[in-house]
Amino acid sequence: MRRLWLISFSIFIWSLFSLSFPASTKVTLNQFLAKVLTMYPSLKTLHAQVDSQRAALQNTGSLAEPFLSYESAPNPMVQFKQKINNPLKVQTDQSLSSRDVALSELRLQATQRSLTATAKKLYYRLYALNKLLSLTREEQRVLDQMYRSSLRQYETNLTTQQDPLTMSLMRTEVTIKLEQLNQEQQSLLTEAKRWVGGDDITLLFPDSLTVSPLDQDISFFQKKALSTGNLEVALAGVEFEKATLATHLTDLSRLFELELGAGYDTTMGTFSWMAGISLPLWIGKIETSHRFQDSLTWSASENMKDVILRVRSDVANLVYKIQSADHILPLYEKDLLPKAKQARNLGQVSYQTGKQRLSEWATAEQRYLTLSGQFYQLLAERLSLEADLEEMAGTWR
């Protein structure tokens, strides 16, 4: 009876914890990216900015607020005035507002693309960490076996004290490495959770990630980036257009604007009409504004040139790094890892047949696991470069 009560109580406690802490959502890479683009906090702010700029564009060009007044002396009179904006100024002002909309939309797209690239790199880094943790645990298991074997041999005077001491040292080093990898993994998982609005997620990783070699040269990606792919270039271009339009609007301030009005004399019962124009007499003020806008236009032009040169250089560097990684990865897969695995197996056989020391087998084992870890790190870096190129040029194929 007491045992049944304990089982029932345990089930009750487990159910409470299940309700309090819902199960983690398992997500693939594409699902993770979709959640990031939906839940990342700053994107909501950028969406709101786009909406506000679009609303401002709709109001651009509308008439100014009318002016209504009442005079009590000498004769009571009601007056109404309305300023009529110059059509050329209205058209230019609308063009300026449309550039503000384009800038807010481009900034949103640039942030989305940057988040996608960074989220991919986070995922690839976690994939490599998972592989490294698995390899390190395997290394720890093998070293534990070697340590116990070396102790037995030392106790039976089949080896010197050097072997168990060496194994103990290597075990401690692996324990420290495992702790560091666990800490880095938890840090990255916390960051991933923040990116999806605090949702508890579990990233799913495939057994292996494949890499497709680049099928285009540097000039292709540079042309793609400078034509439509790179959002930084597009932003610089719209900033230049906006500065040019602002300079043109300053020139249009030399044109007059019309003001119409009407009045009603309540004593005499008569209407009066009024028409007037604004005269741009303060030429010095206009010239100063024009010089200021000219300097902004020149600065925007130089910035656009600098962005184009930098993007061309960055794209070329990314392609060089990807091509280098594409040459190195096959060397690991087809040469280094098979040879290291063979050396490990031979080391085990040589130790078991008494042809070499335990430490030599352990070194071969450690060498194979180290090279395997390097391969997964290089693979993650190669895929991260691919994500950077996609962000930079709009595509990687």
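Everything that follows concerns the structure shown earlier in this document.
Residues numbered from 1 in each chain as written. Predicted model: local features only at pLDDT ≥ 70, side-chain atom pairs only at ≥ 80, totals over all residues. Heavy atoms only, no water.

(A) Quick peek at the overall build of the protein chain. From N to C terminus, the protein chain includes nine helices and six strands. In terms of overall size, the protein chain is more extended than a compact globule, its C-alpha atoms giving a radius of gyration of 36 Å where 397 residues would be expected to give roughly 21 Å. Along the three orthogonal principal directions, the C-alpha set of the protein chain runs to about 130 × 70 × 35 Å. For the protein chain, the proportion of its 397 residues judged to be buried stands at 34%. For the protein chain, the proportion of contacts with a sequence separation of at least 24, taken over those separated by at least 6, is 81%. On the protein chain, roughly 23,900 Å² of surface is accessible, and the fraction owed to carbon and sulfur atoms is 57%. Separation between the mean location of the 43 positive side-chain charges and that of the 42 negative ones in the protein chain comes to 7 Å. (Helix = DSSP H or I, 4+ residues; strand = E, 2+ residues; numbered from the N terminus. Rg over C-alpha atoms; globule rule 2.2 N^0.38 Å. Buried < 20%, exposed > 50% of the residue type's maximum accessible area, 1.4 Å probe, protein only. Contact = heavy atoms within 4.5 Å. Areas by Shrake-Rupley, 256 points an atom, 1.4 Å probe, with all protein chains shown as cover. Lys, Arg positive; Asp, Glu negative; His and termini not counted. Charge placed at Lys NZ, Arg CZ, Asp CG, Glu CD.)

(B) Region of the structure containing the pairing of strand β5 (residues 258-265). Inspection of the sheet shows strand β3 (residues 77-84) paired to β5 by eight bridges, in the antiparallel sense. The partner of F80 across the bridge, within β5, is A262. Pairing analysis gives eight bridges linking β5 to strand β6 (residues 270-277), with the strands arranged antiparallel. Counted as the bridge partner of Y264 is F271 from β6. (Pairing = 2+ DSSP bridges.)

(C) Summary view of the sheet that holds β6. What the four strands build is an open sheet, ordered β2-β3-β5-β6; its pairing is antiparallel. If you trace the sheet from one side to the other, it starts and ends with β2 (67-71) and β6, each paired once. This sheet shows a mean twist of 15° between the axes of neighbouring strands, independent of strand direction. (Axes fitted to C-alpha atoms, helices over the stretch in contact; angles between N-to-C directions.)

(D) Layout of a nonpolar patch on the surface. Taken together, the side chains of L68, Y70, V78, F80, Y264, F271 and W273 define a hydrophobic patch exposed on the protein surface, amounting to about 840 Å² of accessible area. Listed by contribution, the elements that provide at least two residues to the nonpolar patch are β2, β3 and β6. The topology assignment puts W273 in strand β6. (Patch = residues over 30% accessible without salt bridge, like charges linked within 9 Å, V, L, I, M, F, W, Y side chains within 5 Å. Salt bridge = Lys/Arg side-chain N within 4 Å of Asp/Glu carboxyl O.)

(E) Region of the structure containing the pattern of salt bridges. Counted by the stated rule, this structure contains 17 salt bridges. For the salt bridge of R99 with E241, the shortest nitrogen-to-oxygen distance reads 2.8 Å. With R99 in helix α4 (residues 87-155) and E241 in helix α7 (residues 231-252), this pair connects stretches of sequence that are 142 residues apart. Here the salt bridges share partners, and the residues they tie into one network are D326, R382 and E386.

(F) Here's a closer look at the side chain of S150. Relative to the helices and strands, S150 resides in helix α4. Residues contacting S150, with those up to four places away along its chain left out, are T159, D163, P164, M167 and L358.

(G) Quick peek at helix α2 (residues 29-39). Looking at α2, one finds that the buried residues are L29, F32, L33 and V36. Down the axis of α2, the sector holding all buried residues measures 100°, keeping them to one side. Exposed residues on α2 whose side chains face more than 90 degrees from its buried face are N30 and T38. (Arc of directions from axis to C-beta.)

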